[in-house]
Amino acid sequence: MRRILIVGAGQAGLQLALGLQAQGYDVTVMSNRTADEIRGGRVMSTQCMFDRALQHERDTQINFWESQAPRIEGLGVSIAAPDASRPVDWLGRLDGYAQSVDQRLKMAGWLETFAQRGGQLVVHGAAVSDLDFFARTYDLVLVAAGKGELVSMFARDAARSPYDAPQRALAVSYVHGLGPRPEHPETEAVRCNLVPGVGELFVMPCLTTSGRCDILFWEGVPGGPLDVFQDVKDPAEHLATTLELMEKFLPWEYARATNVELTDAGGTLAGRYAPTVRKPVGRLPGGGAVLGVADVVVANDPITGQGSNSASKCAASYLASIVEHGDRPFDEEWMQATFDRYWETAQHVTKWTNAMLAPPPEHVVNLLGAAGQLQPVADRFANGFNDPADFEEWFFDPAKAEAYLASVTG
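It is worth spelling out the nonpolar core at this point. Leu131, Leu142, Tyr318 and Ile322 are the most contacted members of the largest nonpolar core, which totals 65 residues. Apart from residues lying up to four places away in sequence, tyrosine 318 is in contact with Leu16, Leu142, Leu291, Gly292, Val293, Val297, Thr338, Phe339 and Tyr342. Ranked by size, the runner-up nonpolar core spans 44 residues in total, among them Val172, Ala382, Trp394 and Tyr404.

Pasting the structure below:
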């Protein structure tokens, strides 16, 4: 039986661990926190997952919260004018529903399931020196911990990383008490509110430790009016600041939020990071090699909501590569090929996400405007969050965009 060590207990690491476990591998997971510490800690992300990513959880039979989490059936876009009016406002319908499950719930539950099924769990914050030792005792070591010292083992891929600094300041609040959306009160949806030159507010339903909630997620251009959360440590002040900015820039969202309260004291999160693609093979001082997983090697800004989706897709791709490899050694050539297979889909996410961080070109503005009059355009944009590869066909190139709009209107 092949022995595999996975360092990191997030979406990718635990999904992969449970998948390998189901295939009969001897798997060890190294986590820097226990399940109880995760469950009682601070929120970690917004994690709206679309149908393809959710299907990987169903395939592994670890979709434990699917019947409880809100079913997100649409994705809407609003654009704010300088006078805080809303000239663009539409809703695209998803072909398959999306869901967001608080990672405190999911990761704690998956960690407990992994242990209950006989997996070895080591609660320890791993350092490079630890991996140097473990690389000699395991057939394969995978690094799925996207922050901290371990990431420094993986060199930045400059050709695939156009940004070397954070492009957004991030601020998340989990709340109860958000009022219904008057435009479509019966449809659960993610709403992308764009404030040109300033940033974005995403609003989405979620399942948290205390039941259904909504997430208010500001992405602010660094140095701009939304970049004010860095020194805010008090959760109540964080929420108050979030609401003040909504009242100023997005009054239609603020109107629903006058009675909100945080879900819990750990219901806020703020930070920033530079979107980066890294080389997939990390080399250890003792000569061993480890393979990076998900956002260790492809970390995109959350502006397109792809983090958990990409982690799920990476775990599924790596699982297939490991199983297909049989008893052969997991050498560096295999590691590179395994990453290259994942990059075939991940490259589309990176290209789209980096494009959305920049001011939109004229043809993209035209597409977003046209979606307000043409339901097929709105629907196609919404479903691109499920399959970002589709944007290659109509979104990036002005000529393709023009031809697509002509085909819809003609």
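Here the focus is the layout of surface pockets. The volume enclosed by the second largest pocket comes to roughly 430 Å³. Taken together, 24 residues form the lining of the second largest pocket, with Glu200, Met356, Ala358, Pro359 and Pro360 sitting closest to its centre. Per element, the largest residue contribution to the lining of the second largest pocket is four residues, and it comes from helix α10 (residues 362-370). Tallied by class, residues from the lining of the second largest pocket come to 19 nonpolar, three polar and two charged.

Counting across every chain of the model gives 20 aromatic pairs. Measuring from centroid to centroid gives 5.6 Å for phenylalanine 381 and phenylalanine 385, while their planes differ by 75°, and the two rings are edge-to-face. Considered together, phenylalanine 381 and phenylalanine 385 belong to a single accessibility category, that of buried residues. An aromatic cluster is present here, built from Phe50, Trp90, Trp352, Phe381, Phe385, Phe391, Trp394, Phe395, Phe396 and Tyr404 joined pairwise through their rings. One residue, arginine 3, lies across the ring of tyrosine 138, its end atom 4.3 Å from the ring centre.

Quick look at the pattern of salt bridges now. Scanning the model with the defined rule gives 24 salt bridges in all. In this structure, the salt-bridge partner of aspartate 264 is arginine 104, at a minimum N-O distance of 2.9 Å. Here arginine 104 lies in helix α4 (residues 103-116) and aspartate 264 lies in the loop between β12 (261-262) and β13 (268-271), a separation of 160 residues in the sequence. The partly exposed category is assigned to aspartate 264, whose relative accessible area is 24%. Two residues, glutamate 392 and lysine 351, come together in a salt bridge whose shortest N-O distance is 3.2 Å. Placement of glutamate 392 in the loop between α11 (375-384) and α12 (398-409) and of lysine 351 in helix α9 (residues 332-357) is noted, with a sequence separation of 41 residues between them. A relative accessible area of 23% means that glutamate 392 is categorised as partly exposed. Because the salt bridges share partners, they merge into one network encompassing Arg86, Asp89, Arg181, Glu183, Arg191, Glu253 and Arg256.

A separate point is the side chain of glutamate 253. Within the fold, glutamate 253 resides in helix α7 (residues 251-254). Residue classification places glutamate 253 among the buried positions, given a relative accessible area of 1%. Within polar-contact distance, the side chain of glutamate 253 engages the side chain of asparagine 193 at 2.8 Å. Apart from residues lying up to four places away in sequence, glutamate 253 is in contact with Arg181, Arg191, Asn193, Leu201, Val203 and Met246.

As a further point, take the sheet that holds strand β6 (residues 120-123). Strand order across the open sheet formed by six strands is β6-β2-β1-β7-β16-β15, with mixed pairing between neighbours. Bordering the open sheet on either side are β6 and β15 (281-283), each of which pairs with just one other strand. Mean inter-strand twist for the sheet, computed between neighbouring axes without regard to direction, equals 25°. Two strands pair when backbone bridges link them, and strand β7 (residues 140-143) and strand β16 (residues 289-292) are joined in this way by two bridges, in the parallel orientation. Note that in β16 the partner of leucine 142 across the bridge is leucine 291. Helix-sheet contacts for α4 involve β2 (26-31) and β6, and the interaxial angle to β2 is about 145°. In the packing of helix α8 (residues 307-325) onto the sheet, the strands contacted are β1 (3-7), β7 and β16, and the crossing angle to β7 comes to about 175°.

Calculation rules
Residues numbered from 1 in each chain as written. Predicted model: local features only at pLDDT ≥ 70, side-chain atom pairs only at ≥ 80, totals over all residues. Heavy atoms only, no water. Core = buried A, V, L, I, M, F, W, Y, C linked by side-chain atoms within 4.5 Å. Buried < 20%, exposed > 50% of the residue type's maximum accessible area, 1.4 Å probe, protein only. Contact = heavy atoms within 4.5 Å. 1 Å grid on protein atoms, 1.4 Å probe; cavity = no way out; pocket = protein on both sides within 12 Å on 5 of 7 lines; lining within 4 Å. Points joined across faces, edges and corners; volume = space filled by probe spheres on them. Helix = DSSP H or I, 4+ residues; strand = E, 2+ residues; numbered from the N terminus. Nonpolar A, V, L, I, M, F, W, Y, C, P; charged D, E, K, R; others polar. Phe/Tyr/Trp six-rings, centres within 6.5 Å; stacked < 30°, edge-to-face > 60°. Lys NZ or Arg CZ within 6 Å of the ring centre and 35° of its normal. Salt bridge = Lys/Arg side-chain N within 4 Å of Asp/Glu carboxyl O. Polar contact = N/O pair within 3.5 Å; in protein donor to acceptor, adjacent residues only side chain to side chain. Pairing = 2+ DSSP bridges. Axes fitted to C-alpha atoms, helices over the stretch in contact; angles between N-to-C directions.

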